[in-house]
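# Structure assessment
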Amino acid sequence: MTVTAGVVAVQGDVSEHAAAIERAAASHGRDAEVREIRESGIVPECDLLLLPGGESTTISRLLHREGIAPEIRAHVEAGKPVLATCAGLIVLSTDANDDRVETLGLVDATVERNAFGRQKDSFEAPLDVAGLDEPFHAVFIRAPLIESVGDAAVLAEWDGRPVAIQDGPVVGTSFHPELTDDARIHDLAFFADD
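Residues numbered from 1 in each chain as written. Predicted model: local features only at pLDDT ≥ 70, side-chain atom pairs only at ≥ 80, totals over all residues. Heavy atoms only, no water.

### Focus on the pattern of salt bridges
Put simply, the rule is: Any Lys or Arg side-chain nitrogen located within 4 Å of an Asp or Glu carboxyl oxygen qualifies as a salt bridge. For the purposes of this entry, the term helix denotes a DSSP run of H or I that reaches at least four residues, the term strand denotes a run of E that reaches at least two, and both are numbered from the N terminus. Relative accessibility thresholds used throughout: buried, under 20% of the residue-type maximum; exposed, over 50%; partly exposed, between the two (1.4 Å probe, protein chains only).
Evaluated as defined, the whole model comprises 5 salt bridges. For Arg35, the salt bridge goes to Glu45, with nearest N and O atoms at 2.4 Å. Of the two residues, Arg35 sits in strand S2 (residues 31-37) while Glu45 sits in the loop between S2 and strand S3 (48-51), which places them 10 residues apart along the sequence. Judged by its relative accessible area of 45%, Glu45 falls in the partly exposed class. Its salt-bridge partner being Glu66, residue Arg65 comes within 3.1 Å of it at the nearest N-O pair. In this structure Arg65 comes out as exposed when scored by relative accessible area, which is 57%. Classification of Glu66 by relative accessible area gives partly exposed; the value is 29%.

### Remarks on the environment of Val43
To keep things clear, this is the line we draw: Any two residues having at least one pair of non-hydrogen atoms within 4.5 Å are treated as being in contact.
With respect to the helices, strands and loops of the structure, Val43 is situated in the loop between S2 and S3. Not counting the four nearest positions on each side in its chain, Val43 is found in contact with Ile37, Leu49, Ile68, Glu71, Ile72 and His75.

### Thoughts on the nonpolar core
The condition is simple: Among buried residues, those of type Ala, Val, Leu, Ile, Met, Phe, Trp, Tyr and Cys that are joined through side-chain atoms within 4.5 Å constitute a nonpolar core.
With 33 residues, the main nonpolar core has Ile21, Leu127, Val129, Phe140, Phe175 and Phe190 as its most contacted residues. Of all the elements in the fold, those that place two or more residues in this core are strand S1 (2-8), helix H1 (14-26), S3, strand S7 (123-127), strand S8 (136-140), strand S10 (153-158), strand S11 (161-167) and helix H5 (184-191).

### What to know about the pairing of S8
Along a regular strand, successive side chains alternate from one face of the sheet to the other. Keep this limit in mind: In this analysis, strands are considered paired if DSSP registers two or more bridges between them.
The element S8 is largely enclosed, with a buried count of 4 among its 5 residues. Bridge count between S7 and S8: 5 bridges; the pairing is antiparallel. Considered in S8, the bridge of Pro126 is made with His137.

### Overview of the environment of Asp181
Turning to its location among the elements, Asp181 is positioned in the loop between strand S12 (170-173) and H5. On the basis of relative accessibility, which here comes to 72%, the residue Asp181 falls in the exposed class.

### Considering the packing of aromatic side chains
Let me state the cut-off plainly: Ring geometry is summarised as follows: Phe, Tyr and Trp rings, the Trp one being its six-membered ring, pair when their centres sit within 6.5 Å, and such pairs are stacked at plane angles under 30 degrees, edge-to-face over 60 and tilted between the two.
Tallied over the full model, the rule gives 5 aromatic pairs. Aromatic pair Phe190 and Phe191: ring centres 6.4 Å apart, planes at 75°, arrangement edge-to-face. Like Phe191, Phe190 is buried. A connected cluster of aromatic rings, assembled from ring pairs, spans Phe123, Phe136, Phe140, Trp158 and Phe175.

Spelled out as structure tokens, the structure:
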């Protein structure tokens, strides 16, 4: 069975996420057709979506300008899974603490951009993630801080702060799971029910 995966390809590690989705699907005996999303009309054809990192103000502006934002909302309202990493999490949050980011309000959390520091402050850490048997090696690059969580469930913390959350069909991470060969976060977000 083939799953159609859409990766918002405005910015970020598109090919790395596509490869992780393909690895996660293969571990369930499934094929993944990955579609890059830069314009409206593609999201409704997708079984799952991924919003990668990048610059949240730019991503937000383009999602609204290209008519992709309402399609993402409809995808989530239909209960279809989404993985939002780093800036993708900021864009899907209810509050980005920044008026320049028009959030989609799909993850009940308040997020602060670049709160873990600048590029030079990037770091890696092993995380205990709910639903995973072994720690996940997480890569944090200009990572946002999840300041507060409403109805979303915390899946992982670092230094007492949430860094992975789930709100309905949406999983959001402060870190970049695509920068490792470990596809378990993609698996958790997209194929947990398989």
